[in-house]
Amino acid sequence: MLPLLDLVHLLSSRFRLVVTIAVTTKNRPFLDPLISRSPAVVPLVLPFPDYPALPPGVENTYGQPPAIFRPLTHALAGLQEPLLRWARCTPHPPSAIISDFFLGWTSDLAVQLGIPRLVFSPSSALVVAVLHVLWRRMPQRSDLDDPDCPISFPEIPNSPVLPWRQVSFFYRTHIVGEPISEFIKDEFLKNIASWGFVFNTFADLQRVYLDYHLTDLGHPRVWAVGPLAPLDGPAERGGGASAAGAGEIMTWLDGCPEGSVLLVAFGSQQVLAPPQAAALARGLERSGARFIWCATGATAVPEGFEGRVAERGLVVRGWAPQVAILGHRAVTAFLTHCGWNSVLEAVTAGVAMLTWPMGADQFWNARLVVEEAGVGVALCDGADAVPDSDELARIVAELLGESGKGVKERAKELSRRALEAVKEGGSSWKDLEGLVAELSKVGV
C-alpha cells in the first residue's frame, strides 16, 4: 500500500494528474500524509465488503497471520460493484486504473468502463516473472513429501531454482476446483493480460528481468519507476509508537562512529519465536558489534540482554523510523527479512544486507541481493529457522569489519545508481515520464 501511495504522490505533484484513491474505512488514515501534500488527490472511502470468514474489523494484513491473506484477497473483490456504480455516476469518471497485483478483478472493472488497467507491483520484477510462470505453467513437485523438492524456472533469465517450501504461499496452497484457489489463479492470470505494468525497481538493478517482461508480455508498456521514496524522505512512512522515540534513536546513533552500526529489523509482519530471539541475542552479544534491534510485536527479548549490551546496543520495541536509521552515517549493515520495501530502502541508503528471508517474495529478494547484486551475505532462511549464534556473531563481525569491505563498497555503488535513476534524466525518471505520456494518449 505504501509504495503505491508514493507513486500517487509523484503522479500528482510532478505531473498534476488528478488521482482518486479507493480505500476502505479503516485504511483511510494511511492517506493523511499524502493528502496533506497533494491536494489533487481525492479519497474515495468505501465500506469494507461483508465477508464472514474474516475476523471483524480486519481490513489489511498488518499484524495478521498468513492464513488471513487468502480470504482478505477474495473479500476485496466485493469492491468491484461499488466502484462501478461510483465510476458511472461521478461527473469526472476515471480514465485509467492503477491497482496492485492482488487486485486482478480490477481488470474486469476496467473492461466494464472501457479504460486501461495498469498493474502496480510492490515486489520485484523477478518475483512477478516467477508468478507469471507459476500460474501459467502450474509446475508441481516430483516428490509430494519433500518440502525441498526443487522447482525450476528455465524460462526466466539466470534459470532460477527454488525449493518448494519457498514458492509463493498462494501457489502452494492452491487446490484445483476450490473456489478461492481458482479465484486467486484467475487474478494473477488477469494481471498478465493487463494494459501495462509499473514496477517499484530501477533498470540498473533488474534490467534483465524488465527486458524479459517486455518480451514475455509482448508490448512496451513496462515501466520501472523506483526506488519510490517516502513522501517526507527519511522522516518516514508508516508511523507508529515505540518505547524509544525517533529522536532518542537518532541521538543514540549520533554518538556512534561512522559505519559502525548494524540495524536488525524484520518488518511489520514477523514476530520471532523465543528460540529465534534467544539465538539472535546471543549472536549479537558475541559479535561485539554496535546494533539497533527493532523487536516488533511480542518478540521475547531475553531477560538481562539489554543490560549486558547497554554500552553498544539499543533495543527498540514497536515501530522504528527505518528509513531514517538506514540513512544515518553510523549505520553500515542491515539484518533483514528481505521484504522488497526494506531491500530498496537499504539499497537507496547504500547499506549492506545480512539476509534472513522468511516468506512470500523474500527468498527471491535475498537471492537478488546476495547472488546477483552482491550487496549482501546470507545468514539463514525460513520463518522457523533458528540461526547458529556463533555463525551469526562471526558473519556480523566480518561484515562490519575489514572483511566486509567489498560488499559495503558494492552497496555504496548501487546506492549511487539508485539515486541517479530517480534524478531528472535518470532511467526511472524517464520511465515515469513515459508512463504519463502513454496515459495522456488514453485521455488522462
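Residues numbered from 1 in each chain as written. Predicted model: local features only at pLDDT ≥ 70, side-chain atom pairs only at ≥ 80, totals over all residues. Heavy atoms only, no water.

What exactly am I supposed to notice about the nonpolar core here?
In a soluble, globular protein the nonpolar side chains are often hidden away together inside. Ile 292, Trp 293 and Leu 335 are the most contacted members of the largest nonpolar core, which totals 120 residues. Looking at this core, the element that brings in the most residues is helix 6 (residues 125-137), giving ten residues. Ignoring anything within four residues of it in the chain, the contact list for Ile 292 reads Ile 249, Trp 252, Leu 253, Val 261, Leu 262, Leu 263, Val 264, Leu 314, Val 316 and Ile 325. Counting 23 residues, the second-largest nonpolar core is a separate cluster that includes Leu 4, Leu 5, Phe 120 and Leu 435. (Core = buried A, V, L, I, M, F, W, Y, C linked by side-chain atoms within 4.5 Å. Buried < 20%, exposed > 50% of the residue type's maximum accessible area, 1.4 Å probe, protein only. Helix = DSSP H or I, 4+ residues; strand = E, 2+ residues; numbered from the N terminus. Contact = heavy atoms within 4.5 Å.)

For this particular structure, what's the right way to read the state of the cysteines?
Note on terminology: disulfide describes a covalent bond linking the sulfur atoms of two cysteines. Under the definition given, this model contains zero disulfides. The structure places no disulfide on Cys 380, whose sulfur is separated from the nearest cysteine sulfur, that of Cys 338, by 10 Å. Using a relative accessible area of 18% as the deciding quantity, one classes Cys 380 as buried. (Disulfide = S-S within 2.5 Å.)

I would appreciate a short explanation of the side chain of Arg 312 in the present structure.
Relative to the elements of secondary structure, Arg 312 occurs in the loop between helix 12 (305-308) and strand 11 (313-317). It turns out Arg 312 is buried and unbridged, and the closest side chain with the opposite charge, Glu 285, is 5.9 Å from it. Setting aside anything within four residues of it in sequence, one finds Arg 312 in contact with Trp 252, Leu 284, Glu 285, Ser 287, Gly 288, Ala 289, Arg 290 and Phe 291. (Lys, Arg positive; Asp, Glu negative; His and termini not counted. Salt bridge = Lys/Arg side-chain N within 4 Å of Asp/Glu carboxyl O.)

Can you help me understand the packing of helix 6 against helix 9 (residues 203-217) in this one?
Two numbers describe a pair of packed helices, the interaxial angle and the distance between the axes. In contact at an axis separation of 8 Å, helix 6 and helix 9 are set at 40 degrees when each is read in the N-to-C sense. Crossing of helix 6 against helix 9: the hand is left-handed. Taken together, the residues of helix 9 that come into contact with helix 6 (itself represented by Ala 125, Leu 126, Val 128, Ala 129, His 132, Val 133 and Arg 136) are Gln 206, Tyr 209, Leu 210, Tyr 212, His 213, Asp 216 and Leu 217. Grouping the constituent residues of the contact of helix 6 with helix 9 by class yields nine nonpolar, three polar and two charged. (Axes fitted to C-alpha atoms, helices over the stretch in contact; angles between N-to-C directions. Left-handed = near helix turned anticlockwise from the far one by under 90°. Nonpolar A, V, L, I, M, F, W, Y, C, P; charged D, E, K, R; others polar.)

It is not clear to me how the sheet that holds strand 10 (residues 290-295) should be interpreted in this structure. Could you clarify?
Sheets are built from strands paired through backbone hydrogen bonds, the pairs being either parallel or antiparallel. Read from one edge to the other, the open sheet built from six strands follows the order 11-10-9-12-13-14, with strand pairing classed as parallel. For this open sheet the edge positions go to strand 11 and strand 14 (376-378), each flanked by a neighbour on one side alone. The average angle at which neighbouring strand axes cross in this sheet is 15 degrees, direction not considered. (Pairing = 2+ DSSP bridges.)

It is not clear to me how unusual backbone geometry should be interpreted in this structure. Could you clarify?
Peptide bonds are trans in most cases, and residues, glycine excluded, mostly fall at negative phi. Look at the link from Gly 226 to Pro 227: it is a cis peptide, with omega at 0 degrees. Checked against the element boundaries, Pro 227 lands in the loop between strand 8 (222-224) and helix 10 (246-254). One non-glycine residue with positive phi stands out, namely Met 138, at about 55 degrees. Within the secondary structure, Met 138 is located in the loop between helix 6 and strand 5 (150-152).

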